[in-house]
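# Structural characterization, general
Below are the chains, spelled out letter by letter.
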Amino acid sequence: MEPANLLILEIRIQKQDIVQRLSSDTGGIVVHIFGIRHHGPGSARSLRQALAQLHPDIILVEGPPDAAEVLPLLVHPQMQPPVALLIYVRDAPERAVYYPFAVFSPEWQAIHYGLTNDIPVRFMDLPQCHQLTALGKEAGTTSDNTANNELSPEALAMHPSRDPLGFLAAAAGYSDGERWWEHMVEQRRDSAGIFAAILEAIAAVRAETPDPADPAEAQREARREAWMRQTIRAAQQEGHRRIAVVCGAWHGPALLDRANTKGDSALLKGLPKAKVQATWAPWTYGRLSYQSGYGAGVESPGWYHHLFASAEAGHSPTETAIHWLTRTAQLMRTEGLDVSSAHVIEAVRLAETLTALRDRPLPGLPELNEATRAVFCFDSDLPMRLVHDKLIVGETLGAVPDETPMAPLQQDLTREQKRLKLPVEATWRDLDLDLRKPTDLERSRLLHRLNLLGITWGHLLDARGGKGTFRETWRLQWQPELAIKLIEAGVWGNSIVTAASNRARTEAQQAADLPALTALVRQALLASLPDAIPPIIAHLETQAALTSDVTQMMATLPNLAQALRYGDVRQTDASAVAHVVDGLIARICIGLPGACTALNDEAAATLFQHLNEANEAITLLQNAAHLAEWQAVLGHLADLDGPAGLRIHGLLGGRCVRLLLDQRVFDSAETARRMGLALSTASDPAYAAAWVDGLLRDSGALLVHDETLWQVVDSWVVSLSAETFVQLLPLLRRTFATFHAPERRSLGERTRQGPAARRSFGSAAPTTIDPQRAAAVLPLLGRLLGVRDAA
């Protein structure tokens, strides 16, 4: 491209006074091409001004004609951008595309202008009923990951080697197309002639840019532009004399020549077609940014919104900067950072100085960011990350009208959200629920049902963070792609509870193992699905009867124990689980001794974890019969652990003794006796180290405060030869690494003081009490305790 051509844009913008009509005038019918960049406040403002001057008979906008029925909702009072048009295949909702809009999107302003002035508005892109068929698969327009198919017309049109903005920006000496476009278009207050100049510049770029290397993509782009030209011809044939065409800047030059009608018809002949559905969905500025993976996204949606709102309010460049830096200061204050009005004043002055030095029309985001960092004295990146996330990108979540077409499941969720007062928000927030309150209990059930359907609006952080089992803490954050998941989940039913029940029953039939099935039982109980629980329990009983794997049965027990123990708190009937738990505990106790023998270290470590979890589950049930049965098998395993007879792995032997000590079946003396046997010179050193690990892992307090156990361990360590000690040191270090830092410190101090101190450490020294000195304290103590006569 010749350097002279690069001056076309600036010359046009500076010298032209009116918007040129960039098409042949045939029979008094004039077509006006407005090439825009999606989500640009300057483009949106200039386009609206141009439309007001033109007074068109019809407005054609690059977008999906499939959405014609829902297009009038754009001017509904309840419609609050950012929102997105959602087009999906009726029989395969996972194949869908989004067309996001913000208030500063030129397409939004064009459609809004037309609808509010009773001007016909039509979308003119290749319909998605064609693009979402096999044709769409060839061109890569669909994806199972809805976060990556946020398609816009510009995203579908762009190819890395065909980025007109990047091409022009590089030639003009800018680092990227975003900065060039912002300085040349978005920050410009005078929009006269801008669309004519853009069209001519893009025409020059297209003339020197090769077609896409992928033939399927090239054919698809040709079909899209052919459909646009056909739509323009149809408007001409209907008698419209002033036709406004709003499209991505790249497509503008291709729409000027509409003489080859037969060629376009042949290109569009015989396209495959699918049945699609269109609706509106709330969107967020975070999803409108480049960082979300959106191909036509912008770097700074929040900043663009600020620019557009400031221009709408008639603010000067200085006022625009003042308001932005004031919002920045308010954000910093909410985060506990000291920022005063003097900081704002000096930051505005610095931003304006930088703007003048760089010959910019008004302070841009780089100038404001540099002034913020310099004047507000941020010595870390955290404050600037806050500014980026909360202001530059923004956290705005749009809203759609109640009349918006929705799937039955979406309607049911909307009703539940209103009934339970759970508004959707773009940012995450923590929700603490008290399950003793009816409303909170219903909220919990709704969130559990949604999770079972794969609609992860809420993530359970802690179900037992409070002082009782009646508390839950959820982290809620609505993501736009959840709208697609709701539509997909509609195959299970028309209400949340019905869909969750049907899916739970289906998953129960497909469950591969016992732990997966018990996890599903617990989910169904938490979600309060009475219709799904009986068939799931039937599958569980069948699986439990067929399995002989003790490890798998032990992995199953915790979920069932929690469901059984907490059923009353959640007002759910978990009685059907009780007899399953009874059978599992009996079979575990019978099979556990055999499962604990002839194990290598890796298998013993796995069984060690299951042993702890099973013990916690059985203790949680508070069933005397179960506890007695469990303690009996633990005692049997502890008896198997010894120098003579059948020996289980030392890690498991030590843990059995520890569990019996915690449950007061063994006292300290008995534990010390068994430790002495395990650590005697007759025992293998590796076995002894594993035994100590099983006894003491994750709890050094037992060793710190129990003098008898300390003496046994201390005597055993002292008796080791230097060679054996070096051999066992890694094993002992692994055990002691599980102790808390204060516990390790106490043990180190006790060892450092030598044998005499070690023997007396922790023992109570004789204390002599002076009655007279104690009596002197009593009056003050009585006053503190509110006792009149402490003596």
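Here, every reference points to the structure presented above.
Below: a short report on this structure. (Residues numbered from 1 in each chain as written. Predicted model: local features only at pLDDT ≥ 70, side-chain atom pairs only at ≥ 80, totals over all residues. Heavy atoms only, no water.)

## Some remarks on the sheet that holds strand β7 (residues 276–282)
Keep this limit in mind: Any two strands with at least two DSSP bridges between them are considered paired. Runs of E in the DSSP output that reach at least two residues are strands. Runs of H or I that reach at least four are helices, and both are numbered from the N terminus. Whenever a helix is involved, its axis is fitted only over the stretch in contact; in every case the axis is a line through C-alpha atoms, and angles between N-to-C directions fall within 0 to 180 degrees. Residue contacts are defined here by distance: any two heavy atoms, one from each residue, within 4.5 Å place the two residues in contact.
Read from one edge to the other, the open sheet built from three strands follows the order β4-β3-β7, with strand pairing classed as antiparallel. Looking at strand neighbours, the two that pair on one side only are β4 (92–101) and β7, the edges of this open sheet. Each strand of the sheet is rotated relative to its neighbour by a mean of 25°, with strand direction disregarded. On the sheet, helix α20 (residues 482–489) packs against β3 (83–89), β4 and β7 and is oriented at approximately 155° with respect to β4.

## Remarks on the packing of helix α21 (residues 496–510) against helix α23 (residues 533–546)
The condition is simple: Should an angle lie under 35 degrees it is considered roughly parallel, over 145 roughly antiparallel, and from 65 to 115 roughly perpendicular; all remaining angles are considered oblique. When residues are grouped by polarity, Ala, Val, Leu, Ile, Met, Phe, Trp, Tyr, Cys and Pro land in nonpolar, Asp, Glu, Lys and Arg in charged, and all others, Gly among them, in polar.
Running from amino to carboxyl end, α21 crosses α23 at an angle of 10°, the nearest separation of the two axes being 9 Å. Here α23 runs roughly parallel to α21, going by the angle between their axes. Listed contacts from α23 to A504, R505, A508 and Q509 of α21 are P535, I536 and H539. Taken together, the residues that form the contact of α21 with α23 break down as four nonpolar, two polar and one charged.

## Examining the environment of S501
This is how the line gets drawn: Counted as a polar contact is a pair of N or O atoms within 3.5 Å, where, for protein atoms, one must be capable of donating a hydrogen and the other of accepting one, and residues adjacent in sequence contribute only when both atoms are in side chains.
Examined against the element boundaries, S501 turns out to sit in helix α21. Here the side chain of S501 touches V497 through a polar contact of 2.9 Å, landing on its backbone oxygen.

## Structural notes on the pattern of salt bridges
Note the threshold: In what follows, salt bridge is the name for a side-chain nitrogen of Lys or Arg lying within 4 Å of a carboxyl oxygen of Asp or Glu. Here the term buried applies to any residue with accessible area under 20% of the maximum for its type, exposed to any over 50%, and partly exposed to those in between, with areas from a 1.4 Å probe on protein chains only.
In total, this model carries 30 salt bridges according to the counting rule given. As a salt-bridge pair, R658 and D662 come within 3.1 Å of each other at their nearest N and O atoms. Placement of the pair is R658 and D662 together in helix α28 (residues 650–662), with a separation of four residues, close to one helical turn. R658 sits in the buried class, given a relative accessible area of 10%. Under the relative-accessibility criterion, D662 is labelled partly exposed at 44%. For E670, the salt bridge goes to R674, with nearest N and O atoms at 2.8 Å.

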